[in-house]
Amino acid sequence: DDCVISDFIFFLIFSYYFSGMFQLVDNTGAHITTRGVTQHQGLLLYYEQTVCDDYFNMNSAHAICREMGYLGAVSWNNGLTYDIQNDLNIGLDDVVCSSDSWDSCTSTTSHNCGHGEDVHLTCGEAMFLLVDSTGAHITTKAVEQHQGLLLYYRQTVCDDSFNMNSAHAICREMGYLEAVSWTHGLTYDIQNDLNIGLDDVVCSSDSWDSCTSTTSHNCGHGEDVHLTCGEAMFLLVDSTGAHITTKAVEQHQGLLLYYRQTVCDDSFNMNSAHAICREMGYL
């Protein structure tokens, strides 16, 4: 009998730890197996309990996805979308992380949440990333500007046919509001250790759905795309509020916005106009 009890206790302990601190489950509660090169989406569980979204952000998402064996987070949202959520306890709240490592995170097992705040997480490898000179992922924030080397599934992107439509589409795909600017060149040592994974990115609008591209290329790393995403300081918009894309050899007319707000004409003159147009990339 002692052996049977011991075996049962071992089974419980083994099952508890084998399940992992974090898991993604589908709408039936079945565990979604982690694979670092695949994207998986599901309800996030902490020791078989849901996670509340208070203070949750992309740092939290990246840290938890990496803890589960993925390369990073792609996106997250919240909500009561699975029937099984009502049968679960809420086990974690206030997940605050200063980086994409779980070691940098604080949290609490007490909460003040309902299941409408449960976190659903998509983990894997984001299609596009911006990385710094060390190869570290630059976390996206739609209201900030971030500049880095553009990667497509951990490979660089060649600049053949690349333009501001391409830049806007990719920035929006990464969760930014738009592209601010782009350039090309071999400026990071890490580029020489990477493959070139994408070329001929041609987009008819600022949506990735409008783009065509190829994974074959005829490029060197001197043509690698570096991208600045976020919110442009100045924009021209049309009567619907749509952004008028800048092209240096064309004339565009529209309402001038400064961080999505209008600009008053007090003391405004042609010097002001020239300076702002040049800032937006016009001649």
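Each chain has its residues counted from 1, following the order in which its sequence is written. At least 70 in pLDDT is required for a residue's local features to be given in this predicted model, at least 80 for side-chain atom pairs to be given and counted, and no such filter applies to totals for whole chains, interfaces and linings, which use all residues. Note that water and hydrogens are dropped before the side-chain values are worked out from all heavy atoms of the structure.

## Examining the overall build of the protein chain
- Secondary structure elements are defined from DSSP: runs of H or I of at least 4 residues count as helices, runs of E of at least 2 residues count as strands, and each element is numbered from the N terminus. Across its full length, the protein chain holds four helices and 17 strands.
- The buried share of the protein chain, reckoned over its 283 residues, is 42%.
- Should any heavy atoms of two residues lie within 4.5 Å, those residues are counted as being in contact. In the protein chain, of all internal contacts separated by at least 6 residues, the share reaching a separation of at least 24 is 69%.
- Summed over all atoms, the accessible surface of the protein chain reaches about 15,200 Å², with 49% contributed by carbon and sulfur. Partly exposed residues are those whose accessible area sits between 20% and 50% of the maximum for their type, while under 20% is buried and over 50% is exposed, using a 1.4 Å probe and protein chains only. Using a 1.4 Å probe, accessible areas were evaluated by the Shrake-Rupley method; residue-level cover was limited to the displayed protein chains.

## Comments concerning unusual backbone geometry
- Phi angles above zero are rare outside glycine, and Glu48 is one such case at about 65°.
- With respect to the helices and strands, the residue Glu48 is situated in the loop between strand S2 (40-46) and strand S3 (49-51).
- Residue Glu48 is classed as partly exposed on the basis of its relative accessible area, which comes to 41%.
- In this structure, Asp200 takes a positive phi of about 55° despite not being glycine.
- Following the sequence through the fold, Asp200 ends up in strand S12 (residues 196-203).
- On the basis of relative accessible area, Asp200 is assigned to the partly exposed category, the value being 31%.

## Here we look at helix H3 (residues 164-173)
- Taken across its 10 residues, H3 has eight buried, putting it largely inside the fold.
- What H3 keeps buried is the set Met164, Asn165, Ser166, Ala167, His168, Ala169, Ile170 and Cys171.
- Where H3 is buried, its residues touch strand S8 (128-131), strand S9 (146-152), strand S11 (178-184), S12, strand S13 (211-214) and strand S14 (225-230).
- For this analysis, a polar contact is any N or O atom pair within 3.5 Å, provided that within protein one partner can donate a hydrogen and the other can accept it, and provided that sequence-adjacent residues contribute only side-chain to side-chain pairs. Measuring from the side-chain oxygen of the N-cap residue of H3 to the backbone nitrogen of Asn165 gives 3.0 Å; that N-cap residue is Asn163.

## Here's the deal with the sheet that holds strand S15 (residues 234-237)
- Strands were regarded as paired on the criterion that DSSP finds at least two bridges between them. Spatially, the three strands line up as an open sheet ordered S15-S16-S17, and their pairing is antiparallel. Of all the strands in the sheet, just S15 and strand S17 (261-262) have a single pairing partner and so form its edges.
- Pairing of S15 with strand S16 (residues 255-258), which is carried by four bridges, proceeds in the antiparallel orientation. Bridging from a neighbouring strand, Leu235 pairs with Leu257 of S16.

## Topic: the side chain of Thr122
- Of note, Thr122 is situated in strand S7 (residues 119-124).
- Under the relative-accessibility criterion, Thr122 is labelled buried at 10%.
- Look past the residues within four positions of Thr122 in its chain and what remains in contact with it is Gln39, His40, Gln41, Cys65, Ala73, Val74 and Ser75.

## Quick look at the packing of aromatic side chains
- Each pair of aromatic rings taken from Phe, Tyr and Trp, with Trp reduced to its six-membered ring, is defined by centres within 6.5 Å and is described as stacked if the planes are under 30 degrees apart, edge-to-face if over 60, and tilted in the remaining cases. Tallied over the full model, the rule gives nine aromatic pairs.
- Judged by centre distance (5.0 Å) and plane angle (80°), the ring pair of Phe22 and Trp102 falls under edge-to-face. Here Trp102 lies in the loop between strand S5 (90-97) and strand S6 (105-108) and Phe22 lies in strand S1 (residues 22-25), a separation of 80 residues in the sequence.
- Look at Tyr152 and Tyr153: their rings are 4.9 Å apart centre to centre, the planes differ by 70°, and that puts the pair in the edge-to-face class.
- Take Tyr152: its relative accessible area is 14%, and that puts it in the buried class.
- With relative accessibility at 36%, the residue Tyr153 sits in the partly exposed group.
- Clustering of aromatic rings is evident, with ring pairs tying together Phe22, Tyr46, Tyr47 and Trp102.

## Here's the deal with the state of the cysteines
- Defined by distance alone, a disulfide is two cysteine sulfur atoms within 2.5 Å. Counting across every chain of the model gives six disulfides.
- Paired through a disulfide, Cys97 and Cys105 show a sulfur-sulfur distance of 2.1 Å. Across the S-S bond of Cys97 and Cys105 the torsion is about 110°, and the bridge reads as right-handed.
- Given a relative accessible area of 6%, Cys97 falls into the buried group.
- In this model, Cys203 is linked to Cys211 through a disulfide, with the two sulfur atoms separated by 2.0 Å. On the sign convention where negative means left-handed, the S-S torsion of about 110° between Cys203 and Cys211 marks this disulfide as right-handed. Across the pair, exposure class does not vary: Cys203 and Cys211 are buried alike.

## As for the confidence of the model for the protein chain
- A residue-level look at the protein chain finds 86% of positions with pLDDT of 70 or above and a mean pLDDT of 85.
- As a per-residue measure, pLDDT reflects the predictor's confidence and takes values from 0 up to 100. The model gives residues 3-19 a pLDDT under 50, and that stretch makes two contacts with residues more than four places away or in other chains.

## Quick word on a nonpolar patch on the surface
- Here a patch means residues that are over 30% exposed by relative accessible area and free of salt bridges, tied together within 9 Å if like-charged and within 5 Å if nonpolar (Val, Leu, Ile, Met, Phe, Trp, Tyr). Note on definitions: salt bridges are taken to be side-chain nitrogens of Lys or Arg within 4 Å of carboxyl oxygens of Asp or Glu. On the surface, a cluster of nonpolar side chains totalling about 340 Å² of accessible area is made up of Tyr258, Tyr259, Val263 and Phe268.
- Note on placement: Phe268 falls in the loop between S17 and helix H4 (270-279).
- Phe268 gets classed as partly exposed once you look at its relative accessible area, which sits at 36%.

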